[in-house]
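Chain by chain, the residues:
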Amino acid sequence: MQVTTKLTPFFENLNFEREGNTMVINFGPQHPSAHGQLRLVLELDGEQVVKALPDIGYLHRGVEKMAENMTYNEFLPTTDRLDYIASTSNNYAYAIAVEKLLGIEAPRRAQVIRTMLLELNRIMSHLFFLATHALDVGAMSVFLYAFREREYAMDLMESYCGARLTHSAVRIGGVPLDLPTGWLVELQAFLEKMPENIKLYEDLLTENRIWKMRLENVGVISAEDALSWGCTGPMLRGSGVKYDIRKEEPYELYGELEFDVPVSDRCDSYGRYRLYIEEMKQSVKILHQLIPMHEESEPQLMAHAPKYISAPKEEIMTQNYALMQHFVLVTQGMRPPKGEVYVPTESPKGELGFYIKSEGEPYAYRLKCRAPSFFHTGLLQKMLVGSYLADVVTIIGSTNIVFGEVDR
Amino acid sequence: MRKYTPKDTLQKKAYYTDRFWVAPRVPRDEIKEETHFADVVKTLQKYVSESYVELGQLVLHIKPKDNLAVLELLRDKCGYAMCSELSAVDYLAQSGEFEIFYQMLNLTLAKRARVVCRIKQNESIESIVPLFKMANFAEREMFDMFGIYVNNHPYLKRIIMPDDWSGHPLLKTYPLQGDEAASWYEVDKIFGKEYRDIIGPENRDPAKVDRYDTQRFSRVGYEVPFGADPSVEAEAKEIEYSKTAFVNYQKKPKQLKKKR
């Protein structure tokens, strides 16, 4: 470690073997195309990348440390700040991990609402990906169209939970609220417009000469590499490995729903772009199936587990014992049994899982958030080598990383 | 007398725990015969000291020196082609050990297994980068957060915290609040200690507005020259709007309404 003084200020010690006529450039952390606070140190030979070093940590807030010093319910809103493009998927991944530790299951209606919110978040996240990716590559108008539809989806989220970005729409043991009246009608209208919008994006991009030139054979990642580097979600399926946690290890209502898992064996950015488009279509299909399920389900929203979860408000206000339980749960927090759990879920970016180690205390002894973007960022040091400087932005966009969950 | 605080853990504690409270344990199931998990345990018989199924996932306890051999067998013989996560848990206060876990995934059978080993405080562990490249970042994070050295890692360096950081944040002995030196960290580093008085303590409230600060903020209608003495109350002035050809700000809102 270099000893820094005022005369010799601190610089990162970068151990590049400088042979021949290579140049080191610094990309970020304040680069508009870096999708957040990514710093890349690139060694270039002419315009070709010889070595790439992703440097992260500029958005570190110590989420895992915070989890060790917060009760389980207190921590839930913090999970919003991981993947802030699709907050509900983080809330859900955390809630399902705690639920599994407690051994409780959310009631049917809560499951329907949660699955709806998860799929709506997936559409929002994919639209955001499409918009920013196209903008990075140079297609400005797609950004405007995709953000318009994302706005409608965010309005739906807002009318459900009041927030547009940090939803906290899921609770441990269920959901806090039923859908407001007329929400399903609005959702239906949104879904009916969606296919023609997706067609609009496809018309703009899929056969677009420039788009194809920029994306085809850029950011190639083979199936073996994808597995070895811990790629999940569209990054893995874009390399020809058909693994979707919703299908293979079904959670929530995904076992009952009918949907396909799109796979692409192109292994490049173009294949991944096609996957995102197909996944949006599948999400629309899933949401169509969920709408009638809401009506059929019983109105209960939170699981009945008085040891861990407060009773509904009416009971708290009328029954002494429910009030006592509520008081203990609010002041001390729930105490899950000793044990460890890892629950994977398929977030829009890939496998999002929470590892929780409980020692029977109201605070988690250790919480590890397995964020897909963290490993996709690690992959950059392999994927960027050999590509041209102009393609670096395309590749970063195509990995769809969000720095909230990379740095945590 | 000063209140006693344990030195081996500085984390938050429950403010009240019933004296008869005994935490239950999540059931650990035995591995049923003729299942996939039984085959895995049979393959790894030589290395595994304890094995059970916890909440649907196989847990294998091994010795830390066998980690590379076990993970290689898991990958090549049992089909666990992906390592989805690895990290550590701090048990220094209880037994002077770290617990390291490797979360494995079998994609063809959709099964998950967790390989667990424990190392002493000053021991290091072998890197699994030759088997799984994802460990490159994950082991760096483990080193950064716990200070666990990983042998034969290609680039073992802090990843999330700054390079010159001291301490490892996820240790239970890591304080939850910064001390005097931490609050002056940037000032000392960039300008030197003698500038503490000039720069002043860090403002951690991003929404703070000092209404009498004449250098960065101004009150509309109470403008003063740059650097004016803030202790003297400024006189109220009439607000002047810049004139443009398109909008007449001097017009009263009533007139604007009439126009419509």
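Everything numeric here is computed off the predicted structure, so don't read it as measured data.

Enquirer: It is not clear to me how the overall build of chain B should be interpreted in this structure. Could you clarify?
Expert: When helices and strands are tallied, chain B shows eight helices and eight strands. Here chain B holds 260 residues, and 40% of them are scored as buried. Relative to all contacts within chain B whose residues are 6 or more apart in sequence, the contacts with residues 24 or more apart total 45%. On chain B, roughly 17100 Å² of surface is accessible, and the fraction owed to carbon and sulfur atoms is 53%.

Enquirer: Is there a simple way to explain the pairing of strand 6 (residues 366-370) of chain A in this structure?
Expert: In summary, the side chains of a regular strand alternate between the two faces of the sheet. Residues and elements named next belong to chain A. In terms of burial, strand 6 is a largely internal element, five of the five residues being buried. Residues Arg366, Lys368 and Arg370 of strand 6 are buried on one face, and the alternating residues Leu367 and Cys369, pointing to the opposite face, are buried as well. Of the strand pairs in this sheet, strand 5 (residues 350-358) and strand 6 are connected by five bridges, and their pairing is antiparallel. Bridged to Ile356 within strand 6 is Leu367.

Enquirer: Please clarify how the domain arrangement of chain B should be interpreted in this entry.
Expert: Where interface size is quoted, it is often the accessible area lost as the parts come together. When cut into domains, chain B gives domain 1 (28-128), domain 2 (175-202) and domain 3 (208-238). Each of domain 1 of chain B and domain 2 of chain B has a C-alpha centre, and these two points are 45 Å apart.

Enquirer: Any chance you could explain the packing of aromatic side chains here in plain terms?
Expert: Each aromatic ring pair is described using two quantities: the centre-to-centre distance and the angle formed by the ring planes. Inspection of every chain in the model, using the stated rule, returns 19 aromatic pairs over all chains. Taken together, the ring pairs connect Tyr92, Tyr251, Tyr254 and Phe259 of chain A into an aromatic cluster. Residue placement shows Lys111 of chain B over the ring face of Phe37 of chain B; its charged tip is 5.5 Å from the ring centre. In this arrangement the basic side chain of Lys172 of chain B is found over the ring face of Tyr365 of chain A, its NZ or CZ atom lying 4.1 Å from the centre.

Enquirer: For this particular structure, what's the right way to read the packing of helix 2 (residues 72-79) of chain A against helix 3 (residues 87-102) of chain A?
Expert: Each pair of packed helices gets described by two things: the angle between the helix axes and the distance between those axes. Residue and element names in this part refer to chain A. Look at helix 2 against helix 3: their axes get within 8 Å of each other, and the N-to-C directions meet at 155 degrees. Overall, the two elements helix 2 and helix 3 adopt an arrangement that is roughly antiparallel. Here helix 2 runs over helix 3; the crossing is right-handed. Within the contact between the two elements, helix 2 uses Tyr72, Phe75, Leu76 and Thr79 and helix 3 uses Asn90, Asn91, Tyr94, Ala95, Val98 and Leu101.

Enquirer: Help me understand the side chain of Ser89 of chain A in this model?
Expert: All names here are of chain A. Topologically, Ser89 is positioned in helix 3. Here Ala86 takes part through its backbone oxygen, which lies 2.7 Å from a polar atom of the side chain of Ser89. Sequence-distant contacts of Ser89, that is, excluding residues within four places in its chain, are made with Leu118, Ser347, Pro348 and Leu352.

Enquirer: I'm lost on the domain arrangement of chain A in this one. Help?
Expert: Residues and elements named next belong to chain A. You can read the domains of chain A as domain 1 (77-303 + 345-407) and domain 2 (306-335). Note on domain 1 versus domain 2: buried area summed over both sides is about 640 Å², and carbon and sulfur give 73% of it. Our count for the domain 1 to domain 2 interface comes out at zero salt bridges. Run the count over domain 1 and domain 2 and you get zero residue pairs in polar contact (both at pLDDT 80 or more).

What counts and what doesn't
As a convention, each chain's residues are numbered from 1 in the sequence order in which they are written. Lettering of chains starts at A and numbering of ligands starts at 1, both following the order in which they are written. Residue-level local features of this predicted model are given only where pLDDT is at least 70; pairs of side-chain atoms are given and counted only at 80 or more, and the full residue set underlies all totals for whole chains, interfaces and linings. With hydrogens and water set aside, each side-chain value is computed from the structure's full complement of heavy atoms. In this description a helix means any DSSP run of H or I spanning at least four residues, a strand means any run of E spanning at least two, and both kinds are numbered starting from the N terminus. The buried label applies to any residue whose accessible area, calculated with a 1.4 Å probe on protein chains only, is under 20% of its type's maximum; exposed applies above 50%, and partly exposed to all values in between. Should any heavy atoms of two residues lie within 4.5 Å, those residues are considered in contact. To be clear on the numbers: accessible area is Shrake-Rupley with a 1.4 Å probe, and residue cover counts the displayed protein chains and nothing else. Each pair of strands is called paired provided DSSP finds at least two bridges between the two strands. Domain extents, as shown, originate in an automatic or database domain assignment. Only centres within 6.5 Å qualify two rings of Phe, Tyr or Trp (six-membered ring in Trp) as a pair; their planes then separate them into stacked at under 30 degrees, edge-to-face at over 60, and tilted for everything else. Any Lys NZ or Arg CZ found within 6 Å of a ring centre and within 35 degrees of that ring's normal is scored as a charge over the ring. Note on method: axes are straight lines fitted to C-alpha atoms, helices fitted across the in-contact stretch only, with angles between N-to-C directions ranging 0 to 180 degrees. An angle counts as roughly parallel when it lies under 35 degrees, as roughly antiparallel when it exceeds 145, as roughly perpendicular when it falls between 65 and 115, and as oblique in every other case. Note on convention: the crossing is left-handed when the near helix lies turned anticlockwise from the far helix by less than a right angle, right-handed when the turn is clockwise. Each polar contact in these results corresponds to two N or O atoms within 3.5 Å; when the atoms are within protein, one needs to be able to donate a hydrogen and the other to accept it, and residues that are neighboring in sequence are counted only if both atoms are side-chain atoms. Note: buried area is the sum, over both parts, of the accessible area (probe 1.4 Å) each one loses when the two are combined. A side-chain nitrogen of Lys or Arg and a carboxyl oxygen of Asp or Glu constitute a salt bridge if their distance falls within 4 Å.

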